[in-house]
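# Descriptive analysis of the structure
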Amino acid sequence: MGAVVGTLTMQTKQRRPSRDKADDDLEMTMVCHRPEGLDQLEAQTNFSKRELQVLYRGFKNECPSGVVNEETFKQIYSQFFPHGGKERLCVVLFASLSLSCFYPVFSSSSPADASTYAHFLFNAFDSAHTGSIKFEDFVTALSILLRGSVTEKLQWTFNLYDINRDGYINKEEMTDIVRAIYDMMGKYTYPVLKTDAPKQHVDAFFQKMDKNRDGVVTLDEFILSCQEDENIMRSLQLFENVI
């Protein structure tokens, strides 16, 4: 991730009897924003204390003030999508999951414009609508996408696509998402994309998902349709062992 988390340090509750024991007892404190305690985050997510520490160190390195606003998030995301080192992988998992679920994989030789998709992604991270992302927001979403149940993963993805948060995905929202994904993949892709490809993908999405043909996709329709698709189910398992 990249850009915001003040001086965040790990302190032990007791003297260090051993390095491993100390690591398990570490607490996180911070100048600009103090994240929830390690024990609380462990209880709220599907990560161990050790994994949370690794994730937090990466977040700390990239986000020194403890919070990430949308502009900073866009800069970070565009910098590391679609390429990035292994330590950056968590930053791009969310888009990768969405892409692998519903769209073919393209290779691109041109610079990607990830800003629009990053805007949608930022809003999905910022579930409390505060205008910023804290470590708790980041790790909670990551926990769902990497270790959550199928239903949890699909609910999160549905919320990403439901841009206006009215409980439905309409064609305008899906068109915005698909166009953002195409922008993110770059101008020159292989195989070459036709100009009407976004519309074709939106039509295919609604043909698959809109069970009652009322022009919108509900959460129940979305989950049911995804569960009926073996490729989507396999895609949801791609990142389970990343961390």
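Preceding this paragraph is the structure being described.
Residues numbered from 1 in each chain as written. Predicted model: local features only at pLDDT ≥ 70, side-chain atom pairs only at ≥ 80, totals over all residues. Heavy atoms only, no water.

The next thing to look at is the packing of helix 9 (residues 171-185) against helix 10 (residues 197-209). Where helix 9 contacts helix 10, the axes come no closer than 9 Å and their chain directions differ by 130°. It follows from the interaxial angle that helix 9 and helix 10 lie oblique. Viewed along their axes, helix 9 and helix 10 form a crossing whose handedness is right-handed. Residue-level contacts link Lys-171, Met-174, Thr-175, Val-178, Arg-179 and Tyr-182 of helix 9 to Ala-197, Pro-198, His-201, Val-202, Asp-203, Phe-205 and Phe-206 of helix 10. Considered class by class, the residues forming the contact of helix 9 with helix 10 number eight nonpolar, two polar and three charged. (Axes fitted to C-alpha atoms, helices over the stretch in contact; angles between N-to-C directions. Helix = DSSP H or I, 4+ residues; strand = E, 2+ residues; numbered from the N terminus. Parallel < 35°, antiparallel > 145°, perpendicular 65-115°, else oblique. Left-handed = near helix turned anticlockwise from the far one by under 90°. Contact = heavy atoms within 4.5 Å. Nonpolar A, V, L, I, M, F, W, Y, C, P; charged D, E, K, R; others polar.)

Turning our eyes to something else, we now look at the nonpolar core. The tendency in soluble globular proteins is for nonpolar side chains to be buried side by side. In this structure, Phe-73, Met-174 and Phe-222 are the most contacted members of the largest nonpolar core, which totals 54 residues. The dominant element in this core, judged by the number of residues it contributes, is helix 9, at eight residues. (Core = buried A, V, L, I, M, F, W, Y, C linked by side-chain atoms within 4.5 Å. Buried < 20%, exposed > 50% of the residue type's maximum accessible area, 1.4 Å probe, protein only.)

Another aspect to go through is the packing of helix 8 (residues 150-161) against helix 11 (residues 219-227). Between two packed helices, the angle of one axis relative to the other and the distance separating the axes together describe the packing. As a packed pair, helix 8 and helix 11 sit with axes 10 Å apart at the nearest point and diverge in direction by 125°. When the interaxial angle is binned, helix 8 and helix 11 end up oblique. Along this stretch, helix 8 crosses helix 11, giving a crossing that reads as right-handed. Every residue of helix 11 that contacts helix 8 at Val-150, Thr-151, Leu-154, Gln-155, Thr-157, Phe-158 and Tyr-161 is listed here: Leu-219, Phe-222, Ile-223, Cys-226 and Gln-227. A breakdown of the residues in the contact of helix 8 with helix 11 according to their chemical character gives eight nonpolar, four polar and no charged.

Attention now moves to the packing of aromatic side chains. One pass over the full model with this rule turns up 13 aromatic pairs. Summarising the aromatic geometry, the rings of Phe-59 and Phe-138 are spaced 5.7 Å apart at their centres and angled 35° between planes, so their arrangement reads as tilted. Pair noted here: Phe-59 is in helix 3 (residues 49-62) and Phe-138 is in helix 7 (residues 135-147), with a separation of 79 residues, a long-range link. Looking at Phe-59, the relative accessible area reads 1%, which means it is buried. The ring of Phe-206 carries the charged tip of Lys-171 above its face, separated from the ring centre by 5.6 Å. (Phe/Tyr/Trp six-rings, centres within 6.5 Å; stacked < 30°, edge-to-face > 60°. Lys NZ or Arg CZ within 6 Å of the ring centre and 35° of its normal.)

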